[in-house]
Amino acid sequence: MGRVEKSIEAHCGAVLAGRWNYEGTALVTVGEDGQIKIWSKSGMLRSTLVQQGTPVYSVAWSPDSGKVLYTSGKQLIIKPLQPNAKVLQWKAHDGVILKVDWNSVNDLILSAGEDCKYKVWDSYGRLLYSSQPHEYPITSVAWALDGELFAVGSFHTLRLCDKTGWSYALEKPNTGSIFNIAWSIDGTQIAGACGNGHVIFAHVVEQRWEWKNFEITLTKRRTMEVMVRNVINDAMDLLEFRDRVIKASLNYGHLVVSTSLQCYVFSTKNWNTPLIFDLKEGTVSLILQAERHFLLIDGGGIYIYSYDGRLISSPKFPGMRTDILNAQTVSLSNDTLVIRDKADEKVIYLFEALTGKPLGDGKPLTHKTEIVEIALDQKGLTNERKIAFIDKNRDLYITSVKRFGKEQKIIKIGTMVHTLAWNDTSNILCGLQDTRFTVWYYPNTVYVDKDLLPKTLCEKDASEFSKNPQIVRFVGNQVTVRRADGSLIHLNVSPYPPILHEYISNSKWADAVRLCRFVKDQTMWACLAAMAVANKDMTTAEIAYAAIGEIDKVQYINSIKDLPSKESRMAHILLFSGNIQDAETLLLQAGLIYQAIQVNINLYNWNRALELAVKHKTHVDTVLAYRQKFLEDFGKKETSKQFLQYAEGLEVDWDKIKAKIEMEIAKERERAASTPPVRTSVTVQH
């Protein structure tokens, strides 16, 4: 109602800044007297956090409202609210710091000072960007709520910048110094408090979205211009909206636009008849698209819609805060939605996109360190869905999304990775590693044959991208990278690996071999070898491994082919991929006890081999004989109590043991002959 609820004598001298925390439960004020005070909602003084000799010009809350960032001359200080907690302090500017802001979504800090510069920092005080000196001191900085943009104010100057620091636009209004800037909740407009006593209003326009040969520009608050680039001519359409445009996304043949009241879904084949539905809450903060559906996030929740406007699901998890989710912490595919938890950044929640229910056994995926960025692959079967993520140490990991009760392996496939993206049409991953641009043509190789992974990579020098480049998208065989200065660079990757992926998904093995022979590239052969083993097609695997000179693996594959039963062959394919436990389980389930024991003997898993032999009351003497031979070869004596106990009074008779082994093999052959033949290239899910 605009009525003054309470007026409090807070500081000696002027109150220079006041900020509500993100929950709206506490207010922090700073003043010329160098004090920082925290007040309750009703205006009661909770604590005096800091008392210093110099004025505190600006203050900001941390994303979790557990710390306060404030200025002290040329220094920036982060002070936790808990007593005796460690205080972080660093010299940030060469002049007095006038303004700070801390964003809750990207966790980045802005600072502005009398040295005429504005700077971007991470929450550890590391400098990410420093502007060139301006003509006049920078008097204000402010983040947009979603953390994608920020505004900078100075004398007769208003600047719009990207979160990485580079400038989108510069305006020169006749306002005097702009002392404070506030963004609207939807991030489309700003208000500025000016030195000449005016309030300036500005709207963010000229945003651009690109996909294949489509280019869309927001020309006015309620108007979009669609440019379709063609070899012969450029067609142009104008899209008019009833309300102002807040967010938009262009991908997978659809443009999704959210205004303050409605959502519009356009098909790139027909711009005249969009599908329109009303929104529950107007402030959409994020739109993500997959091939079959798209995701909207607003202040009320997370919603997955089909492209015909039907609400598919609305996933929820404990302590969910939608205002702090962004494109780095949410990822969507045709069947899966993953969200990194802000309360515990080591945890990723997994959901079925079509039902909104937690995936598998309902347990989230947990990593040992904090996760910075996540991304789902977009193609292939649901039970083969993979998630790639970068952690705080800039290591890149990959793991399976489907969790069948057992703990899935999280495998590291790269180091010093700053940014990543999956291809939109095939499961190819690209990332920027230190000074290299790397493409993982078949990341699944780590689950099939880890030694082969380096041979399935393509690496290019990326030193031209300068510091902190970001991958914007990976569409078809083109990767778009944004440099630190805001310029876009387009990189082309080989068109052949996506074709190979397509052949494999359609089981066209002969075509895949022909393609590799035509291209004559070791990377392609290595990818084909891994794909063939993953799909249990050992004939193609043999050809591919031979082409890259892996003779030992070719010999092993040949030995697999000679095995009498289907179960044995499957078990040895699993062994080939390093899945020892699965191979043993398969043999035991098939009743091939001796083969399971022999696998453990061959791998020198002596205790497990003896355990199986004792449990099934068979081939105890075989295990002891092989153990004895092994020790004799190395000139060692038996020290295991278990083996000494069973070896007591036992004479090793190799002839007898060989006869028993031959009998087991004959029994297996007999059994294989009595069952109908099954092709070995059939994919078995275990």
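Residues numbered from 1 in each chain as written. Predicted model: local features only at pLDDT ≥ 70, side-chain atom pairs only at ≥ 80, totals over all residues. Heavy atoms only, no water.

Let us look at the packing of helix H2 (residues 496-505) against helix H4 (residues 522-534). At a minimum axis separation of 11 Å, H2 and H4 run at an interaxial angle of 20 degrees. When the interaxial angle is binned, H2 and H4 end up roughly parallel. Helix-helix and strand crossings are classified by hand; for H2 and H4 the assignment is right-handed. Residues Tyr 496, Pro 497, Leu 500, His 501 and Ile 504 of H2 lie in contact with H4, whose contacting residues are Met 524, Cys 527, Leu 528 and Met 531. Of the residues in the contact of H2 with H4, the class split is eight nonpolar, one polar and no charged. (Axes fitted to C-alpha atoms, helices over the stretch in contact; angles between N-to-C directions. Helix = DSSP H or I, 4+ residues; strand = E, 2+ residues; numbered from the N terminus. Parallel < 35°, antiparallel > 145°, perpendicular 65-115°, else oblique. Left-handed = near helix turned anticlockwise from the far one by under 90°. Contact = heavy atoms within 4.5 Å. Nonpolar A, V, L, I, M, F, W, Y, C, P; charged D, E, K, R; others polar.)

With numbering matched to this structure, UniProt assigns "repeat: WD" (unreviewed entry) to residues 8-40 and 90-122. In the segment residues 8-40, helix accounts for 0% and strand for 55%; the C-alpha atoms at its two ends are 12 Å apart. For the annotated span residues 90-122, helix accounts for 0% and strand for 52% of the residues, and the straight-line distance between the end C-alpha atoms is 12 Å. (UniProt positions renumbered as here; feature names shortened; annotations may be inferred.)

Before going further, it helps to spend a moment on the sheet that holds strand S1 (residues 15-20). Sheet architecture is open: four strands sit in the order S1-S2-S3-S4, paired in antiparallel fashion. Lying at the two open borders of the sheet, with one neighbouring strand each, are S1 and strand S4 (45-51). Looking at each pair of strands side by side, their axes are set apart by 20 degrees on average, direction ignored. (Pairing = 2+ DSSP bridges.)

Mapped onto the elements of the fold, Ile 78 is located in strand S7 (residues 75-80). Taking C-alpha positions, Ile 78 is 32 Å from Val 472, a pair spaced 394 residues apart along the chain. Residue contacts for Ile 78: discarding those within four places in its chain leaves Lys 67, Val 68, Leu 69, Val 87, Leu 88, Trp 90, Trp 102, Ile 109 and Ser 123.

When we look at burial in helix H5 (residues 538-547), the residues that qualify are Met 538, Thr 540, Ala 541, Glu 542, Ala 544 and Tyr 545. Along its buried surface, H5 packs onto helix H3 (509-519), H4, helix H6 (551-561) and helix H7 (566-576). (Buried < 20%, exposed > 50% of the residue type's maximum accessible area, 1.4 Å probe, protein only.)

On to the sheet that holds strand S26 (residues 262-267), then. What the four strands build is an open sheet, ordered S24-S25-S26-S27; its pairing is antiparallel. Strands at the two margins of the open sheet, each flanked by one partner only, are strand S24 (245-251) and strand S27 (270-278). The sheet shows a mean angle of 20 degrees between the axes of neighbouring strands, direction not considered. Bridging between strand S25 (residues 254-259) and S26 involves five bridges; their strand directions are antiparallel. Its bridge partner lying in S26, Leu 255 is registered against Phe 266.

Before going further, it helps to examine the pairing of strand S14 (residues 149-154). Regular strands show a simple pattern: their side chains alternate between the two faces of the sheet. Extensive coverage of S14 is indicated by the burial of six of its six residues. Both faces of S14 are covered, namely the face carrying Leu 149, Ala 151 and Gly 153 and the face carrying Phe 150, Val 152 and Ser 154. As paired elements, strand S13 (residues 140-143) and S14 share four bridges and run antiparallel to each other. Bridge pairing links Trp 143 to Phe 150 in S14.

Time to look at unusual backbone geometry. The phi torsion at Tyr 252 lies on the positive side, around 50 degrees, for a residue other than glycine. As for its position among the elements, Tyr 252 is in the loop between S24 and S25. On the accessibility criterion, Tyr 252 (15% relative accessible area) is buried. In this structure, Ser 507 is a non-glycine residue whose phi angle is positive, near 55 degrees. Tracing the backbone shows Ser 507 in the loop between H2 and H3. Taking relative accessible area as the criterion, Ser 507 reaches 52% and is therefore assigned exposed.

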